[in-house]
Amino acid sequence: MTVTITPEKPNTPDAIKLIDELEGTLAPYYPDESRHGYSVDKLIQQGVAFFVVRVDGKPAGCGGVQLYDDYAELKRMYVNPDYRGHGLAKQLLKHLAQYSQDHEITILRLETGIHQHEALGLYEQFGFVRREHFGEYQPDPNSVFMEKTL
């Protein structure tokens, strides 16, 4: 199994497919007002560094990181269910954390949903801790806000 993580524009067919899969996963659990993920256009507009994970050349996951002055935020982190259990999410998290550190950022934050149990476990295992809402987010009973010092 050959795994690659490469920078990619979020408007490529593979990236769009993965983002659409993520949206389809989240839609049954959260009302529109609780789904804070950026659209493809907003990912580009906001200058999010976006990456696609491929296994043997096939798109398996994606994720991005948006840099702010004093922290970075994970965006659109997703691994297709067919590829889970192989450590891809951990590899992607490490890659996004390293990208942030390479840009002199020492705090990594995220927002995820209360029903994303596997994701919450992964983030906690990776050293993220829960915190109050941040940035432009408002308190939301469907959201979990987390951060990790790099």
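Quick look at the structure, then. Only a predicted model underlies this, so the values are computations on that prediction, with no experimental measurement involved.

The rules behind these values
- Residues numbered from 1 in each chain as written.
- Predicted model: local features only at pLDDT ≥ 70, side-chain atom pairs only at ≥ 80, totals over all residues.
- Heavy atoms only, no water.
- Helix = DSSP H or I, 4+ residues; strand = E, 2+ residues; numbered from the N terminus.
- Rg over C-alpha atoms; globule rule 2.2 N^0.38 Å.
- Buried < 20%, exposed > 50% of the residue type's maximum accessible area, 1.4 Å probe, protein only.
- Contact = heavy atoms within 4.5 Å.
- Areas by Shrake-Rupley, 256 points an atom, 1.4 Å probe, with all protein chains shown as cover.
- Lys, Arg positive; Asp, Glu negative; His and termini not counted.
- Charge placed at Lys NZ, Arg CZ, Asp CG, Glu CD.
- 1 Å grid on protein atoms, 1.4 Å probe; cavity = no way out; pocket = protein on both sides within 12 Å on 5 of 7 lines; lining within 4 Å.
- Points joined across faces, edges and corners; volume = space filled by probe spheres on them.
- Polar contact = N/O pair within 3.5 Å; in protein donor to acceptor, adjacent residues only side chain to side chain.
- Salt bridge = Lys/Arg side-chain N within 4 Å of Asp/Glu carboxyl O.

It is worth spelling out the overall build of the protein chain at this point. Scanning the protein chain for helices and strands turns up four helices and seven strands. Counting helices and strands in the order they occur from the N terminus, the protein chain gives β-α-α-β-β-β-α-β-α-β-β. For the protein chain, whose C-alpha radius of gyration is 14 Å, the value lies close to the compact-globule estimate of 15 Å for 150 residues. When its C-alpha atoms are laid out on the principal axes, the protein chain stretches across 40 × 35 × 30 Å. In the protein chain, which comprises 150 residues, the proportion classed as buried is 47%. Excluding contacts between residues fewer than 6 apart, the proportion of contacts in the protein chain whose partners are at least 24 apart in sequence is 65%. When the accessible area of the protein chain is evaluated, it comes to approximately 8,000 Å², of which 48% is carbon and sulfur surface. The centroid of the 15 positive side-chain charges in the protein chain is displaced by 4 Å from the centroid of its 22 negative side-chain charges.

Each pocket or cavity is described by its volume, and for the largest pocket that value is around 850 Å³. Residue lining of the largest pocket: 39 residues in total, with M77, T112, Q116, A119 and Y123 positioned closest to the centre. For the lining of the largest pocket, the secondary-structure elements that each account for two or more residues are α1 (13–26), β4 (72–79), α3 (88–102), β5 (107–113) and α4 (117–125). For the lining of the largest pocket, the element with the most residues is β4, which contributes seven residues.

Attention shifts here to the side chain of Q66. Topologically, Q66 is positioned in strand β3 (residues 58–67). Take Q66: its relative accessible area is 4%, and that puts it in the buried class. A distance of 3.2 Å separates a polar atom in the side chain of Q66 from a polar atom in the side chain of Q46. At a separation of 3.0 Å, a polar atom in the side chain of Q66 contacts the side chain of Y68. For Q66, the contacting residues outside a window of four places in its chain are Y38, Q46, V48, Y71, A72, E73 and K75.

The next point concerns unusual backbone geometry. One non-glycine residue, D56, adopts positive backbone phi at about 50°. Secondary-structure assignment places D56 in the loop between β2 (49–55) and β3. Phi at R76 takes a positive value of approximately 55°, unusual for a residue other than glycine. Locating R76 in the fold gives a position in strand β4. Judged by relative accessible area, R76 falls into the buried class, the value being 10%.

The next point concerns the environment of R84. Mapped onto the elements of the fold, R84 is located in the loop between β4 and α3. Residues R84 and A60 lie 24 residues apart in sequence; the distance between their C-alpha atoms is 8.8 Å. Apart from the residues within four sequence positions on either side, R84 is in contact with Y78, V79 and E118. Side-chain polar atoms of R84 contact the backbone oxygen of V79, separated by 2.7 Å.

This part takes up the pattern of salt bridges. Under the criterion given, the structure shown has 11 salt bridges. For the salt bridge of R35 with D32, the shortest nitrogen-to-oxygen distance reads 3.2 Å. For D32, a relative accessible area of 60% translates into the label exposed. Residues R84 and E118 are paired through a salt bridge, measuring 3.7 Å at the closest nitrogen-oxygen approach. In this pair, R84 is assigned in the loop between β4 and α3 and E118 in helix α4, connecting sequence segments 34 residues apart.

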